[in-house]
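# Commentary on secondary and tertiary structure
In case you want the letters, here they are:
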Amino acid sequence: MFNIIAIIAAATSLVSSVQEPGDWRQVDDGADFYTALDVTSINGPPTARKARGVGVSAELDGFPGYMVLDVVFDCEAGTVSADRAAFFALDGTLIEEVDGPSDPEPVSEEDGTLVAANAVCDGAIPDGRSFGSAQAYAQFIRASAGS
């Protein structure tokens, strides 16, 4: 019974934290996804700096909603991984949540994680438009893409 309560609490925690006001800044507009970080969520020691990120498919025929990730950067090792992922419809309805952690991968410009790592590890917050929620960012991107 305790495990079920813990799982529900974890899912509720991620969902409610996504709906809370934040300062979501775009950190990548790669070929596959547009990505933003909630810069108010950055916390933790250099070996486990955490932040919330949102990914929106750049493809019009891709996933029409958005995914929110709890990402972890090991600033000393130069790696990134995800603890959890939640998939939402564009209207904010939770579709599915997946617990991690994922295997750490090297931070790289090619994979679109370098700007995010610089923001999380070095405080190099990207200039530009700020969005109040992951959903607002996703809706803006989808509207800009024409869907």
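Note: the structure precedes this text.
Conventions we followed
- Residues numbered from 1 in each chain as written.
- Predicted model: local features only at pLDDT ≥ 70, side-chain atom pairs only at ≥ 80, totals over all residues.
- Heavy atoms only, no water.
- Helix = DSSP H or I, 4+ residues; strand = E, 2+ residues; numbered from the N terminus.
- Contact = heavy atoms within 4.5 Å.
- Areas by Shrake-Rupley, 256 points an atom, 1.4 Å probe, with all protein chains shown as cover.
- Buried < 20%, exposed > 50% of the residue type's maximum accessible area, 1.4 Å probe, protein only.
- Arc of directions from axis to C-beta.
- Salt bridge = Lys/Arg side-chain N within 4 Å of Asp/Glu carboxyl O.
- Disulfide = S-S within 2.5 Å.

Across its full length, the protein holds 3 helices and 8 strands. Ordering the α and β elements of the protein from the N terminus gives α-β-β-β-β-β-β-β-α-β-α. Sequence-distant contacts, at least 24 apart, represent 51% of the contacts inside the protein between residues at least 6 apart. Accessible area of the protein: about 7,800 Å², with a carbon and sulfur share of 56%.

Before going further, it helps to spend a moment on helix α2 (residues 114-122). Each α-helix winds once per 3.6 residues, and so residues spaced three or four apart point in a common direction. Of the residues making up α2, those classed as buried are Ala116, Ala117, Ala119 and Val120. Along the axis of α2, the buried residues cluster in a sector spanning 160 degrees; they form a single face. Among the residues trailing α2, Gly123 stands out with phi positive, at a value near 75 degrees.

In this structure the tally under the stated criterion is 4 salt bridges. The closest approach of N and O atoms between Asp83 and Lys50, which form a salt bridge, is 3.8 Å. Here Asp83, found in strand β5 (residues 79-88), pairs with Lys50, found in strand β3 (residues 49-57); they are 33 residues apart in sequence, far enough to count as distant. Under the relative-accessibility criterion, Asp83 is labelled partly exposed at 27%. For Lys50, a relative accessible area of 39% gives the class partly exposed.

Below, the discussion takes up helix α3 (residues 134-144). Three or more residues of α3 are buried, namely Ala134, Gln135, Tyr137, Ala138, Ile141 and Arg142. Seen end-on, α3 carries its buried residues on one side only, within an arc spanning 160 degrees. In this structure, α3 carries Ala143 and Ser144 as exposed residues pointing more than 90 degrees from its buried face.

Attention now goes to the state of the cysteines. Inspection of every chain in the model, using the stated rule, returns 1 disulfide. What pairs with Cys75 in a disulfide is Cys121, and their sulfur atoms sit 2.0 Å apart. An S-S torsion of about -85 degrees defines the bridge between Cys75 and Cys121 as left-handed. Pair noted here: Cys75 is in the loop between β4 (66-74) and β5 and Cys121 is in helix α2, with a separation of 46 residues, a long-range link. Looking at Cys75, the relative accessible area reads 25%, which means it is partly exposed. For Cys121, a relative accessible area of 28% translates into the label partly exposed.

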